[in-house]
Amino acid sequence: MTKDVINDMKSHMEKSVESLRREYQKVRTGRANTGLLDEIRVDFYGNPSPLNQVATLAVPEPRTITIQPWEAKMISVIEKAILNANLGFTPSNDGKLIRISLPPLTEERRKEIVKSLKKTAEDAKIAIRNIRREAIDGLKKLEKDKKISEDDLKRAEKEVQDVTNVFVAKVDEVLAHKEKEVMEV
């Protein structure tokens, strides 16, 4: 019984950490990353499609992203979608390929990004703590319904806290890695 609650809790906490990683992929660092364009949707024959489903994205140089549409007539549509996304990029094309040059980040902007990263990490920790609270509530309900003993409840609560500490440490690790990436010049 307690194992089910704890396994369910672990699953939810893992999803929180994965969500944080996905969120961090969208954050601009000193290097170009195709993940910056993940949210862009392009009108492809009347259907809003993700950019990576209508073109090939590549990072040939550390500060350049190239986009090669599968159909030449899509170039202007893709350029318009990038400009409308307000990401601060100005695309340029040569008729076959769209290039996006990323300007270097200033020290001040890097610090703002790190501050934002820390807030996102704190939100993930709050989500993990909420999952812990729900798990403990579930365990207390099992004890109240006489499905587990008081000793089992205490053991399970300790295990819940240990698992929570592991996941909070994972969030800190993900944050430290991304922070290092952003501050790297």
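Residues numbered from 1 in each chain as written. Predicted model: local features only at pLDDT ≥ 70, side-chain atom pairs only at ≥ 80, totals over all residues. Heavy atoms only, no water.

Undergrad: How should the overall build of the protein be read in this particular structure?
TA: The helix and strand inventory of the protein stands at four helices and six strands. In the protein, the succession of α and β elements from N to C terminus is α-β-β-β-β-α-β-β-α-α. Here the C-alpha radius of gyration of the protein, 22 Å, is well above what a compact globule of 185 residues would show, namely 16 Å. Taken along the three principal axes of its C-alpha coordinates, the protein extends 70 × 40 × 25 Å. (Helix = DSSP H or I, 4+ residues; strand = E, 2+ residues; numbered from the N terminus. Rg over C-alpha atoms; globule rule 2.2 N^0.38 Å.)

Undergrad: I'm lost on the packing of helix H1 (residues 2-25) against helix H4 (residues 150-183) in this one. Help?
TA: Angle between the axes and distance between the axes: these two values describe a pair of packed helices. Interaxial distance between H1 and H4 falls to 11 Å at its minimum, and their mutual angle equals 10°. Taken together, H1 and H4 sit at an angle that is classed as roughly parallel. For the pair formed by H1 and H4, the contact residues are Thr2, Lys3, Ile6, Met9, Lys10, Met13, Glu14, Val17, Leu20, Arg21 and Tyr24 on the first element and Ala156, Glu159, Val160, Val163, Thr164, Phe167, Lys170, Val171, Val174, Leu175 and Lys178 on the second. Partitioning the contact of H1 with H4 into residue classes produces 13 nonpolar, two polar and seven charged. (Axes fitted to C-alpha atoms, helices over the stretch in contact; angles between N-to-C directions. Parallel < 35°, antiparallel > 145°, perpendicular 65-115°, else oblique. Contact = heavy atoms within 4.5 Å. Nonpolar A, V, L, I, M, F, W, Y, C, P; charged D, E, K, R; others polar.)

Undergrad: I'm lost on the packing of H1 against helix H3 (residues 107-144) in this one. Help?
TA: Interhelical geometry of H1 versus H3 gives an angle of 170° and a closest axis separation of 10 Å. Classified by the interaxial angle, the pair formed by H1 and H3 is roughly antiparallel. Residues Thr2, Val5, Met9, His12, Met13, Ser16, Val17, Leu20, Glu23 and Tyr24 of H1 lie in contact with H3, whose contacting residues are Leu117, Lys118, Thr120, Ala121, Ala124, Ala127, Ile128, Ile131, Arg132, Ala135, Leu139 and Leu142. Partitioning the contact of H1 with H3 into residue classes produces 15 nonpolar, four polar and three charged.

Undergrad: Can you help me understand the sheet that holds strand S4 (residues 64-69) in this one?
TA: Paired through their backbone hydrogen bonds, the strands of a sheet run either parallel or antiparallel. Across the sheet, four strands lie side by side as S3-S4-S6-S5; this open sheet has antiparallel pairing. Unpaired on one side and paired on the other, strand S3 (55-61) and strand S5 (91-93) mark the two borders of the sheet. For this sheet the average axis-to-axis angle between neighbouring strands, irrespective of direction, equals 25°. Across the sheet, helix H2 (residues 75-84) is in contact with S3, S4, S5 and strand S6 (98-101); its angle to S5 comes to roughly 165°. (Pairing = 2+ DSSP bridges.)

Undergrad: What exactly am I supposed to notice about H2 here?
TA: Think of an α-helix as turning once every 3.6 residues; residues three or four places apart then point the same way. Those residues of H2 that sit buried are Ile75, Ile78, Glu79, Ala81 and Ile82. What you see down the axis of H2 is that its buried residues fit within an arc of 160°, all on one side. Facing away from the buried surface of H2 by more than 90 degrees, the exposed residues are Lys80 and Asn84. Of the surrounding secondary structure, the elements contacted by the buried residues of H2 are strand S1 (41-44), S3, S4, S5 and S6. Looking one or two residues past H2, asparagine 86 carries a phi angle of roughly 55°, positive in sign. (Buried < 20%, exposed > 50% of the residue type's maximum accessible area, 1.4 Å probe, protein only. Arc of directions from axis to C-beta.)

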